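Examining the three-dimensional arrangement
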Amino acid sequence: MSLVKNSSEQCGNNRPRELTQNPLKKIWVPSCKNGLPRSTKQRKVCMTNCPTLIVTVGLPARGKTYISKKLTRYLNWIDVPTKEFNVGQYRRECVKIYKSFEFFRPDNEEGLKIRKQCALAALNDVRQYLTDEGGQVAVFDATNTTRERRETIFRFAEQNGFKVFFVESVCEDPDVIAENIVQVKLGSPDYTHCNTEEAVADFMKRIKCYENSYEPLDEELDRELSFIKIIDVGRRYLVNRVQDHIQSRIVYYLMNIHITPRSIYLCRHGESDLNVRGRIGGDSGLSARGKEFAKSLGQFIQSQNICDLKVWTSQMKRTIQTAEGVGVPYEQWKALNEIDAGVCEELMYEEIQQKYPQEFALRDQDKYRYRYPKGESYEDLVQRLEPVIMELERQENVLVICHQAVMRCLLAYFLDKPAEELPYLKCSLHTVLKLTPVAYGCKVESVCLKVEAVNTHRERPTNVDVSRLAEEALLTVPNHQ
Amino acid sequence: MPRELTQNRIQKIWIPSRDDKPSIPRKPVGGPHLANPPTVIVMVGLPARGKTYISRKLTRYLNWIGIPTKVFNVGEYRREAVKHYSSYDFFKSDNEDAFKIRQQCALAALRDVKIYLTEEEGQVAVFDATNTTRERRDMILDFGAENGFKVFFIESVCDDPNVIACNILEVKISCPDYQDCNKTDAMEDFMKRIECYRLNYQPLDPDQYDRNMSFIKVIDVGRRFLVNRIQDHIQSRIVYYLMNIHVQPRSIYLCRHGESQDNRQGRLGGDSGLSTQGQKFAVALANVVKEQNLKGLKVWTSQLRRSIQTAEALNVPYEQWKALNEIDAGVCEEMTYEEVRERFPEEFILRDQDKYYYRYPSGESYQDLVQRVEPVIMELERHENALVICHQAVMRCLLAYFLDKSADEMPYLKCPLHTVLKLTPMAYGCKVESIFLDVEAVNTHRDRPEEVKRGPSTLIRRNSVTPLTSPEPNKKSRMEGLDESIREMSPVPFTLCSTSHTTLTLSTQNLKKCPIECHETPQLCL
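For clarity, every value in this text was computed on a predicted model and none was experimentally measured. (Residues numbered from 1 in each chain as written. Chains lettered and ligands numbered in written order. Predicted model: local features only at pLDDT ≥ 70, side-chain atom pairs only at ≥ 80, totals over all residues. Heavy atoms only, no water.)

A few words on helix H12 (residues 357-365) of chain A. The set of residues buried in H12 of chain A consists of Glu 359, Phe 360, Ala 361, Leu 362, Arg 363 and Asp 364 of chain A. Buried-residue contacts for H12 of chain A involve helix H11 (349-355), helix H13 (378-394) and helix H15 (470-474) of chain A. (Buried < 20%, exposed > 50% of the residue type's maximum accessible area, 1.4 Å probe, protein only. Helix = DSSP H or I, 4+ residues; strand = E, 2+ residues; numbered from the N terminus. Contact = heavy atoms within 4.5 Å.)

This is the structure:
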């Protein structure tokens, strides 16, 4: 959804303003007097009227940074400009060398001063991001364990017109905490010079420093604040005063993610007849090689010995045929269908250049936002795929058999790729990507099942101007029959 | 050997075929299988805490997104068993006879839950009663375990006297229990009734006793929530829904764009502009909006030109939603019905056979629309006053949600041009007012053809997006083991919204507003 904000300036009489269609996104907007589209400041998604400051709360090793990064990745993917501000980073810049947990002792005045300065520096950057740089959400990632610190932040937000939403992580399970420390603390710059035992011992003492002054969010004392308290890694949640859409979406997301180890397999359907002929879209069946791929995929899946694998396909013949070749039960999702190329469905790139040269150029200019006439854009795709992502977060082992543009969108979510890169991610036929969450990110293993296929990846040509020659436009078209 | 695929002719879904015959796919299509095994949702809370409100609203939502759901209200069973309600004494904890009856009512209701979930293809049953004691809840948990049902509790906790008084006035005073009382007496009796329950009320205890249960505690009408151990997708969706609904008074206005040029030519779909009549409508709509004087009105349009042009005339900020675009008619876009009949005669027939499931070639079905439009519904629930300027098929989907219409009825709901429907939540349902703006327009409604034979059952009925009307609650005419003999009682009319609203026909008279049609439900209480 996008907001078209009408300015107060209207036409002299009360006639509705003329509409023109933005040639890139195919959105109807009111035009200026001379017929050109008015450059309305279009906000991508109208979710909040004022920016939101998300504030994490919790002792060390409770997953605050994990949540901050994951949430930031998700919000950016659904087009809500978000950035995280990790106070620990600021501290590491300020205090070049970390000596020991003593820095965090509550009676270490020097330490306290520096830590406070770092927090303020981070808040300053938050303000800049939300006010001057077009950010919509800032995630302030620190322990924020005292009421006093939280009040400071709250006042800061109020002064600047930001909404505040707290995300607290509470966990007392020693196994979880130990695992966290192993996964993300041992490799921290703070502990490069330590061995494992020393690092763990020091970190446990560090946690102790915070424990005495920790004032968790309280149902009574903090009843006016907006927050979610996550208890024991998602076993229980306490949600207080959700103010608006974005907070509601954040809560929903946080309640759906989990940290149980699992893998997500992404691949495209096997090579299709239209692929071979260099045509986009359509609903054709698999070529002979595509069928071979389906068989290989089946063997590969068997070899992986995956526990309780779910298999998802789109509703297009080629993905279903592929799943049939694998020979396991599967579910069809219309949401996984390939991007709708509208009037360009089943054309070759050469034909698109011939019939719609301007469209072809516009697409190269901004492939993410470009919407095919009577079709979709990558931007539309992301919106369409969001429920799939949400369900993927809930699930454990899943194999998704989809399409080039769709796979690019899903991959961009998992690998935190920005909109500019998304449409050019390499997703070749007959290659399976195995994604395994690890630490704060995702490990990617690429498995090329040795069945030949055409290349369907078209790089961005150098000349994207509407005035370019056909040869320049078609320079990067991959070979086909 | 990979199986051959054929494309189901109505839904255009590829399924493995056997012996050249398109077979019924074994798995549901269109999305994940959402509620498997069946779930019993158990309401918990003192009287007048909104349990029935939540039960009915949630049931309506789940049915609309295609999950067969039904409410089992124990109070209804009690009213069947005990014909005449005398006073709150019935609910006193030392009233042994009454206690026995109430227990049996609960068991009868659970029996029906079991039948619904195991024999009638129900997927979710909402057990609507106070369930305020651990003993009662343990019994239900045992019942769930015996039958392989998941159990999810929804507790409503509220101690704000204003909210409670308001609830009592809205839905209790006019309840059959109190038809012979005046307001003050009814109120007084009901308050004493609540006290009877309060003495033995054991709220869900997340820290100890109930820490392994799956539940959501709704506190102070949604100010705060405590969510414990969500097990699966459907529980996650339920929680999300409950966190987005509110009880603030407001109205939702639904209308179509003004008459378009394609409308005048009888063409489907497309992206044409408004006709002259359509522009007149837009201006008239602006006047209506101004008249209604709504605070904080949100205006939403699709991304199609005719809907945006209509909004432009209102001179207020509006938001464009691609999700509100008209149903994609695929290869039939911009054709007239005659042209469709000529060029795609088979498609034309198939559509009439099953208009809800029918998907245009390279296009969409109503079933697809429901899925597409669900985030709009969720957002409408969050907001207060809203005006949605959309399209015929889309408006039918939205209306079906608000008025609890089934998949069968949805594609034939009457949504004429130049008519605004004002929906106002009331009690357990929705009041509908139809506002016809006196601007002529063509009629784009096609009735269900009489002569059409229903297609054979090769279609998927129970899958992820098949809106059903929330079924009538069970009426037990005989309670086993009771001493009293039970007379046959005619069923209490239980329409959330009757079908009379669908007779909104195009009127060319000088009417600014049609008479208000109220569709209220008979009040329910325990």
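Once that is clear, we can look at empty space enclosed by the protein. Residues and elements named next belong to chain A. As enumerated under the stated definition, the model contains seven cavities of 30 Å³ or more in all. The volume enclosed by the largest cavity comes to roughly 440 Å³. Secondary-structure elements contributing two or more residues to the lining of the largest cavity are helix H8 (273-276) and helix H14 (404-415). With three residues, the top contributor of residues to the lining of the largest cavity is H14. Of the residues contributing to the lining of the largest cavity, the split by class is eleven nonpolar, 13 polar and eight charged. (1 Å grid on protein atoms, 1.4 Å probe; cavity = no way out; pocket = protein on both sides within 12 Å on 5 of 7 lines; lining within 4 Å. Points joined across faces, edges and corners; volume = space filled by probe spheres on them. Nonpolar A, V, L, I, M, F, W, Y, C, P; charged D, E, K, R; others polar.)

Let us look at the UniProt feature "binding site: substrate" (unreviewed entry) in chain B. Residue and element names in this part refer to chain B. In this numbering, the UniProt entry assigns the feature "binding site: substrate" (unreviewed entry) to Arg 256, His 257, Gly 258, Glu 259, Ser 260, Gln 261, Asp 262, Asn 263 and Arg 306. What stands out for the annotated residues spanning 51 residues is how close their C-alpha atoms remain, the widest pair being 14.0 Å apart. With respect to the helices and strands, the residue His 257 is situated in the loop between strand S10 (252-256) and helix H8 (261-264). Residue classification places His 257 among the buried residues on the basis of a relative accessible area of 2%. Discounting chain neighbours no more than four positions away, the residues touching His 257 are Asn 263, Phe 281, Arg 306, Ser 307, Thr 310, Ile 389, Cys 390, His 391 and Leu 417. (UniProt positions renumbered as here; feature names shortened; annotations may be inferred.)

Residue and element names in this part refer to chain A. Read across the open sheet, the six strands follow the order S12-S11-S13-S10-S14-S15; overall the sheet is mixed. Because the sheet does not close on itself, it has two edges, and the strands there are strand S12 (331-332) and strand S15 (441-448). Taken together, the eight bridges between strand S14 (residues 431-438) and S15 define a ladder with antiparallel strand orientation. If you follow Val 438 over to S15, its bridge partner there is Gly 441. Strand contacts of helix H9 (residues 288-304): strand S10 (264-268), strand S13 (398-402), S14 and S15, with the helix running at about 170° to S10, the strand carrying the most contacts. (Pairing = 2+ DSSP bridges. Axes fitted to C-alpha atoms, helices over the stretch in contact; angles between N-to-C directions.)

All names here are of chain A. Here, UniProt's "active site" (unreviewed entry) annotation points to His 269 and Glu 338. A compact arrangement is adopted by the annotated residues: their sequence extent is 70 residues, whereas the largest C-alpha distance between any two is 10.7 Å. In this structure, the largest cavity is lined, among the annotated residues mentioned, by His 269 and Glu 338. Tracing the sequence through the fold places His 269 in the loop between S10 and H8. Residue His 269 is classed as buried on the basis of its relative accessible area of 2%. Other than its neighbours up to four places away in sequence, His 269 contacts Asn 275, Phe 293, Arg 318, Thr 319, Thr 322, Ile 401, Cys 402, His 403 and Leu 429. Of note is the side chain of His 269, whose polar atom sits 3.3 Å from the side chain of Arg 318. In this fold, Glu 338 is placed in the loop between S12 and H11. What makes Glu 338 buried here is its relative accessible area of 14%. (Polar contact = N/O pair within 3.5 Å; in protein donor to acceptor, adjacent residues only side chain to side chain.)

Residue and element names in this part refer to chain B. What the domain assignment lists for chain B is domain 1 (39-244) and domain 2 (252-446). The junction of domain 1 with domain 2 conceals about 1600 Å² of combined surface from both sides, 61% of it contributed by carbon and sulfur atoms. For domain 1, the biggest contributors to the area lost against domain 2 are Arg 60, Trp 64 and Asn 244; these three give 50% of the whole. At the boundary of domain 1 and domain 2, one finds eight residue pairs in polar contact (both at pLDDT 80 or more). Ranked by the residues each element gives to the side of domain 1 that touches domain 2, the list is headed by helix H1 (residues 51-64), at seven residues. Grouping the amino acids of the side of domain 1 that touches domain 2 by side-chain chemistry returns eight nonpolar, two polar and five charged. (Domains from an automatic or database assignment. Buried area = accessible area lost by both parts, 1.4 Å probe.)

What follows covers the pattern of salt bridges. Under the counting rule described, the total for this entry stands at 57 salt bridges over all chains. When the shortest N-O distance is used, the salt bridge between Glu 84 of chain A and Lys 69 of chain A registers 3.5 Å. You can see Glu 84 of chain A sitting in strand S5 (residues 82-86) and its partner Lys 69 of chain A sitting in helix H1 (residues 64-77), a full 15 residues away along the chain. Using a relative accessible area of 25% as the deciding quantity, one classes Glu 84 of chain A as partly exposed. Residue Lys 92 of chain B pairs with Asp 89 of chain B through a salt bridge whose shortest N-O separation is 3.8 Å. (Salt bridge = Lys/Arg side-chain N within 4 Å of Asp/Glu carboxyl O.)

To continue, consider the nonpolar core. Soluble globular proteins tend to bury their nonpolar side chains together. Counting residues in each nonpolar core, the largest one holds 133 residues, and the members touching the most others are Leu 75, Ile 228 and Leu 336 of chain A together with Ile 154 of chain B. Ranked by the residues each element gives to this core, the list is headed by helix H14 (residues 392-403) of chain B, at ten residues. Counting residues in each nonpolar core, the second largest holds 86 residues, with Phe 156 of chain A together with Leu 46, Phe 72 and Ala 108 of chain B among its members. (Core = buried A, V, L, I, M, F, W, Y, C linked by side-chain atoms within 4.5 Å.)

Turning our eyes to something else, we now look at the interface of chain A and chain B. Taken residue by residue, the interface counts 55 residues in chain A and 55 residues in chain B. Run the count over chain A and chain B and you get four salt bridges. For the pair chain A and chain B, the interface holds 23 residue pairs in polar contact (both at pLDDT 80 or more). Elements with a contribution of two residues or more to the side of chain A that touches chain B: strand S1 (2-4), strand S2 (19-21), strand S3 (28-30), strand S9 (236-240), helix H7 (245-256), helix H10 (317-326), S12 and H13 of chain A.

Residues and elements named next belong to chain A. Partitioning chain A into domains gives domain 1 (52-255) and domain 2 (264-474). Just the C-alpha atoms count here: the centres of domain 1 and domain 2 sit 36 Å apart. Across the boundary between the two partners, domain 1 contributes 15 residues, which contact 18 residues of domain 2. Between domain 1 and domain 2, a total of about 1600 Å² is buried, with carbon and sulfur atoms accounting for 61% of that surface. Put simply, Lys 70 and Glu 393 hold a salt bridge, and the shortest N to O gap is 3.1 Å. Taken together, domain 1 and domain 2 are joined by seven residue pairs in polar contact (both at pLDDT 80 or more). Elements with a contribution of two residues or more to the side of domain 1 that touches domain 2: H1, helix H5 (174-185) and H7. The biggest single contributor to the side of domain 1 that touches domain 2 is H1, with seven residues. For the side of domain 1 that touches domain 2, the residue count by class is eight nonpolar, two polar and five charged.

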